[in-house]
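# Analysis of the macromolecular model
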Amino acid sequence: MSSLEERDVGVAAAPGSSSAGLGVGAVGAAVEAVAGVAAMQEEVGIRREGPEPDPDEPPKKRVKIPEGESGKLEERLYSVLCCTVCLDLPKASVYQCTNGHLMCAGCFIHLLADSRLKEEQATCPNCRCEISKNLCCRNLAVEKAVSELPTECTFCLKQFPRSSLERHQKEECQDRVTQCKYKRIGCPWQGPFHELPAHESECSHPTKTGTELMGILGEMDQSHRRDMQLYNSIFSLLCYEKIGFTGVLPEVQFRPYRTDDFITRLYYETPRFTVLNQTWVLKARVNDSERNPNLSCKRTLSFQLILKSKVNSALECSFLLLKGPYDDVRIKPVIHHHSFSNDTNETDYVPLPISDSVECNKLLAAKNINLRLFIFQVQK
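To start, this report covers the structure provided alongside it. What you are looking at is a predicted structure, and each value in this text was computed from that prediction instead of being measured. Per chain, the residues get numbers from 1 upward, laid out in the order the sequence is written. The predicted origin of the model limits local features to residues at a pLDDT of at least 70 and limits the giving and counting of side-chain atom pairs to 80 or more, whereas totals for whole chains, interfaces and linings rest on all residues. Water and hydrogen atoms play no part in the side-chain values, which are based on all heavy atoms of the structure.

## What about the nonpolar core?
What makes a nonpolar core is a set of buried Ala, Val, Leu, Ile, Met, Phe, Trp, Tyr and Cys residues whose side-chain atoms join them at distances within 4.5 Å. Accessible area is worked out with a 1.4 Å probe on protein chains only. A residue is then buried under 20% of its type maximum, exposed over 50%, and partly exposed in between. Grouped together as the largest cluster of nonpolar side chains are 35 residues, with contacts concentrated most on Trp280, Leu282, Leu305, Leu352, Leu364, Leu373 and Ile375. Any pair of residues with heavy atoms lying within 4.5 Å of one another is described as a contacting pair. When near neighbours in sequence (up to four residues on either side) are disregarded, leucine 352 contacts Leu301, Ser302, Phe303, Leu321, Ile331, Leu363 and Leu371. Ranked by size, the runner-up nonpolar core spans 14 residues in total, among them Phe108, Ala122, Ile131 and Ala365.

In structure tokens form, the structure reads like this:
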């Protein structure tokens, strides 16, 4: 028997000693405590591991942390400051209803757009009070508090305040994904920033022959040519003798209306306006008159130009829509052409060239849509 075992037996067998009794009790309590902690750790481990998440599943909403289960202040603040719709921390503006419930800008605009499509009053998802751009206001204190909460860099996994994360990921992080400076001549390499100098010193693309580079530059020229064609077309149209556009105030204003169907559909129409001594009307529809556009996350607007005046001969016109001077919606201009006559006085519906559904929701959430229309009469 080892000396350690003898000492243990001696302590346990010492009769009539108070210290011996305390030793036995302490050892027993320690064994039970260790066993209890091990059982808790095993149980927590099982709960934390769980089944592997399916990568094809749609992203789930953030689950609010029950009170008393989180020890960190940041984790408790996440559940307090999160959006009541998507249950995630807002990335930009934060709006609140009259009872103080928070909504991120994207969810707030989406709720207003949904109410417009369904012809209902928009309500707060928490307390069902009415919400609108007039009733709700931004909560600047929450916006500043969220900007100071820590978040993880997607590249180096270090914690940074949300207000400085974007600058860190774009300019400072040594693990951010970057591309070779010779990408313009066809180098496909991309990797962490700290590996960039080593790659560029060994990159083979600077030594390519002129013949090899000509093919790569040809593809770049095609993309540049498409952009220049649009701008040159606009400059050419501005040289026309007859140019008309909706005045500075008011702009062409789409007003919302509803069809007379059993299930009504939202559409937009402008009052009659005069351009080039002719009377015109613009119409717009949502998702090409889809039956229930409120059930779709992807939303688009398309429009058509209608000539209301009677003409003696065909009127060859080019036209394009731009955003109004006080709107923040992003529109990439597209030039359309049509020959107007008494028989063909309506153009086909063409897509309003907005970038995505978020921009469409901005327009749908507004009471009216204000855009600027240019019409150019083609000389014969």
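## Quick word on the pattern of salt bridges
When the charged atoms of two side chains with opposite charge come close together, those side chains can pair. Any carboxyl oxygen of Asp or Glu within 4 Å of a side-chain nitrogen of Lys or Arg constitutes a salt bridge here. On inspection of all chains with the given rule, the structure shows eight salt bridges. A salt bridge links glutamate 172 to arginine 167; the nearest nitrogen and oxygen atoms lie 2.2 Å apart. Taking the relative accessible area as the measure of exposure, glutamate 172 reaches 36% and is therefore partly exposed. Assessed through its relative accessible area of 44%, arginine 167 is described here as partly exposed.

## With respect to the side chain of serine 302
Note on placement: serine 302 falls in strand β13 (residues 301-307). Between N or O atoms, a polar contact is any pair within 3.5 Å; within protein, one atom must be a potential hydrogen donor and the other a potential acceptor, and residues adjacent in sequence are included only when both atoms are from side chains. A distance of 3.0 Å separates a polar atom in the side chain of serine 302 from a polar atom in the side chain of aspartate 288. Ignoring anything within four residues of it in the chain, the contact list for serine 302 reads Lys283, Ala284, Arg285, Asp288, Tyr349, Val350, Pro351 and Leu352. Elements are defined by DSSP. Helices are runs of H or I of four residues or more, strands are runs of E of two residues or more, and each kind is numbered from the N terminus.

## A word on the state of the cysteines
Working definition: the covalent bond between the sulfur atoms of two cysteines is a disulfide. Our working definition of a disulfide is a cysteine sulfur pair at a distance within 2.5 Å. A full pass over the atoms with the stated rule returns zero disulfides. For the unlinked cysteine cysteine 86, the closest cysteine sulfur is that of cysteine 83, found at 3.8 Å. By relative accessible area, which is 24% here, cysteine 86 ends up partly exposed.

## Description of the pairing of strand β15 (residues 336-340)
In summary, the side chains of a regular strand alternate between the two faces of the sheet. Only one face of β15 is covered, namely the one carrying His336, His338 and Phe340; the face carrying His337 and Ser339 has none of its residues buried. Two strands are counted as paired when DSSP detects at least two bridges linking them. Sheet topology note: the strand β14 (residues 315-323)/β15 ladder contains five bridges and is antiparallel. In the sheet register, glutamate 316 faces β15, and the bridge partner there is serine 339.

## Considering unusual backbone geometry
Most of the time, phi is negative for any residue but glycine, and the peptide bond is trans. The backbone phi angle of arginine 128 is positive, close to 65°, even though this residue is not glycine. For arginine 128, the position within the fold is in the loop between α4 (105-118) and β3 (137-138). Residue classification places arginine 128 among the exposed residues on the basis of a relative accessible area of 58%. In this model, asparagine 277 sits at a positive phi of 65°, which is unusual for a non-glycine residue. Tracing the backbone through its elements, the reader meets asparagine 277 in the loop between β11 (273-275) and β12 (278-286). Residue asparagine 277 is classed as exposed on the basis of its relative accessible area of 75%.

## A closer look at the packing of aromatic side chains
Centre-to-centre distance and the angle between the planes together describe a pair of aromatic rings. Pairing of aromatic side chains requires ring centres within 6.5 Å, counting the rings of Phe and Tyr and the six-membered ring of Trp. Pairs whose planes differ by under 30 degrees are stacked, by over 60 edge-to-face, and all others tilted. All chains considered together, the criterion is met by five aromatic pairs. Measuring from centroid to centroid gives 5.1 Å for tryptophan 280 and phenylalanine 340, while their planes differ by 85°, and the two rings are edge-to-face. Taken as a pair, tryptophan 280 in strand β12 and phenylalanine 340 in strand β15 lie far apart in primary sequence, 60 residues in all. The class for phenylalanine 340 is buried, based on a relative accessible area of 0%. Here, a charge over a ring is recorded when the distance from Lys NZ or Arg CZ to the ring centre is within 6 Å and its angle to the ring normal is within 35 degrees. Against the face of phenylalanine 193 rests arginine 176, its NZ or CZ located 4.0 Å from the ring centre. Against the face of tyrosine 349 rests arginine 285, its NZ or CZ located 3.8 Å from the ring centre.

## Quick word on the packing of α4 against helix α9 (residues 357-365)
Between α4 and α9, the least distance of the axes is 8 Å, while the angle of their chain directions is 60°. The angle between the axes of α4 and α9 places the two elements in the oblique class. For the element pair α4 and α9, the recorded crossing hand is left-handed. Between α4 and α9, the residues in contact are Ile109, His110, Leu112, Ala113, Arg116 and Leu117 and Asn361, Lys362, Leu364 and Ala365, respectively. Residue type decides the class: Asp, Glu, Lys and Arg count as charged, Ala, Val, Leu, Ile, Met, Phe, Trp, Tyr, Cys and Pro as nonpolar, and the leftover types, Gly among them, as polar. In terms of residue class, the contact of α4 with α9 is made up of six nonpolar, two polar and two charged. Every axis in this analysis is a line fitted to C-alpha atoms, fitted for helices over the stretch in contact. Angles between the N-to-C directions lie between 0 and 180 degrees. Note on angle classes: values under 35 degrees are labelled roughly parallel, values over 145 roughly antiparallel, values of 65 to 115 roughly perpendicular, and the remainder oblique. We call a crossing left-handed when the near helix sits turned anticlockwise from the far one by less than a right angle, and right-handed when that turn is clockwise.

## Some thoughts on helix α6 (residues 162-172)
Listing the buried residues of α6 in full gives Ser164, Leu165 and His168. End-on, the buried residues of α6 take up no more than an arc of 120°, which puts them together on one face. Residues of α6 that are exposed and angled more than 90 degrees away from the buried face: Glu166, Lys170 and Glu171. Each direction from the helix axis to a C-beta atom contributes to the arc, which is the arc of those directions.

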